[in-house]
Amino acid sequence: MVSRIRAFYAAIGRVTLTPLLVRGGVLLCALLALLLAYPAQMVDSRAVGLLAVLAAFPAVAPNRAWPTVVILAAVAGWTVATGWYDQRIELWRLLGLATFLYLTHSLAALAALLSYDAVVAPEVLTRWITRALGVTLASAVLAVPLLALDGQLGDRSLVAALIGGLAVAVLAAALLGWLLRRR
């Protein structure tokens with residue numbers, strides 16, 4: 001028992017700043033995604049506390065299932081907000097939610113790779129975040145025209161969104177397959 005306590009204190013002494021910043025980014029992005037997902041009527045001080053605890057799990061254990069649990073909780077909150085509470089789908093909220101969910105996922109993947117005592121060059125972290133933000137910007141550029149079509153098509157908007165999303169998924173898979181074969 002004493003040797004475990006000594007090992008714990010020795011491990012705390014070796015912790016570096018970069019892994020802590022990445023895990024803090026996971027916590028912040030997960031919390032912001034959860035706050036954007038749930039309707040304002042449901043979010044009070046107790047709910048914010050519960051959401052903060054839920055957002056802390058992927059930051060503490062990013063190599064477990066917690067990032068997936070947080071993402072599914074945000075999707076459930078979005079579904080409740082738009083389905084049960086009849087909250088309008090606003091572009092800024094949808095893009096913010098998608099951005100923070102992707103950043104949660106991406107930063108959790110990075111945090112799972114980094115040990116607590118890893119020494120990482122700042123350029124690595126900068127490139128990782130720049131790529132993740134580039135992906136979110138590209139998805140926003142693709143999503144805005146699809147959302148603009150929502151009011152134009154009336155009852156057929158769900159079918160148009162389904163076909164458009166399927167086409168984008170097929171094109172993305174084809175592009176990834178082409179890039180993989182090109183290597």
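This text goes with the structure placed above it.
Report on the accompanying structure. (Residues numbered from 1 in each chain as written. Predicted model: local features only at pLDDT ≥ 70, side-chain atom pairs only at ≥ 80, totals over all residues. Heavy atoms only, no water.)

1. Concerning the overall build of the protein chain
Here comes step 1: Scanning the protein chain from terminus to terminus reveals seven helices and zero strands.
Here comes step 2: Shown N-terminal to C-terminal, the secondary structure of the protein chain runs as helices and strands in the order α-α-α-α-α-α-α.
Here comes step 3: In terms of its C-alpha atoms, the protein chain occupies a principal-axis envelope of roughly 70 × 50 × 25 Å.
Here comes step 4: When burial is assessed residue by residue, the protein chain has 27% of its 183 residues classed as buried.
Here comes step 5: Taking all contacts inside the protein chain whose residues are at least 6 apart in sequence as the whole, residues at least 24 apart take part in 74%.
Here comes step 6: Looking at the protein chain as shown, the accessible area adds up to about 12400 Å², and 71% of this sits on carbon and sulfur atoms. (Helix = DSSP H or I, 4+ residues; strand = E, 2+ residues; numbered from the N terminus. Buried < 20%, exposed > 50% of the residue type's maximum accessible area, 1.4 Å probe, protein only. Contact = heavy atoms within 4.5 Å. Areas by Shrake-Rupley, 256 points an atom, 1.4 Å probe, with all protein chains shown as cover.)

2. Considering the packing of helix H3 (residues 45-60) against helix H4 (residues 66-84)
Here comes step 1: Where H3 contacts H4, the axes come no closer than 8 Å and their chain directions differ by 150°. Taken together, H3 and H4 sit at an angle that is classed as roughly antiparallel. As for how H3 packs across H4, the hand of that crossing is left-handed. Within the contact between the two elements, H3 uses Leu 54, Ala 55, Phe 57 and Pro 58 and H4 uses Trp 66, Pro 67, Val 69, Val 70 and Ala 73.
Here comes step 2: Within the contact of H3 with H4, the residues separate by chemical class into nine nonpolar, no polar and no charged. (Axes fitted to C-alpha atoms, helices over the stretch in contact; angles between N-to-C directions. Parallel < 35°, antiparallel > 145°, perpendicular 65-115°, else oblique. Left-handed = near helix turned anticlockwise from the far one by under 90°. Nonpolar A, V, L, I, M, F, W, Y, C, P; charged D, E, K, R; others polar.)

3. Focus: the nonpolar core
Here comes step 1: In this structure, Leu 34, Ala 37, Tyr 38, Ala 74 and Leu 97 are the most contacted members of the largest nonpolar core, which totals 14 residues.
Here comes step 2: If we ignore the near neighbours within four places in the chain, the residues touching Leu 97 are Ala 33, Leu 36, Ala 37, Ala 74 and Trp 78. (Core = buried A, V, L, I, M, F, W, Y, C linked by side-chain atoms within 4.5 Å.)

4. Section: the side chain of Thr 136
Here comes step 1: Note that Thr 136 resides in helix H6 (residues 122-148).
Here comes step 2: When its relative accessible area of 10% is taken as the criterion, Thr 136 is described as buried.
Here comes step 3: A distance of 2.7 Å separates the side chain of Thr 136 from the backbone oxygen of Leu 133, its partner in a polar contact.
Here comes step 4: Residues in contact with Thr 136, not counting those within four places in the same chain, are Thr 99 and Tyr 102. (Polar contact = N/O pair within 3.5 Å; in protein donor to acceptor, adjacent residues only side chain to side chain.)

5. Focus: the environment of Arg 4
Here comes step 1: If you trace the backbone, Arg 4 turns up in helix H1 (residues 2-13).
Here comes step 2: Each C-alpha atom of the pair Arg 4 and Leu 95 lies 45 Å from the other, and the pair is 91 residues apart in sequence.

6. Some remarks on a nonpolar patch on the surface
Here comes step 1: Together, Met 1, Ile 5, Phe 8, Tyr 9 and Ile 12 make up an exposed nonpolar region whose accessible area comes to about 610 Å².
Here comes step 2: Tracing the backbone through its elements, the reader meets Phe 8 in helix H1. (Patch = residues over 30% accessible without salt bridge, like charges linked within 9 Å, V, L, I, M, F, W, Y side chains within 5 Å. Salt bridge = Lys/Arg side-chain N within 4 Å of Asp/Glu carboxyl O.)

7. Some remarks on the pattern of salt bridges
Here comes step 1: A complete count under the given rule lists one salt bridge for this structure.
Here comes step 2: For Asp 117, the salt bridge identified is with Arg 14, shortest N-O distance 3.5 Å. Linking Asp 117 in the loop between helix H5 (91-113) and H6 with Arg 14 in the loop between H1 and helix H2 (17-37), this pair joins segments that are 103 residues apart in sequence.
Here comes step 3: Overall, the relative accessible area of 35% leaves Asp 117 in the partly exposed class.

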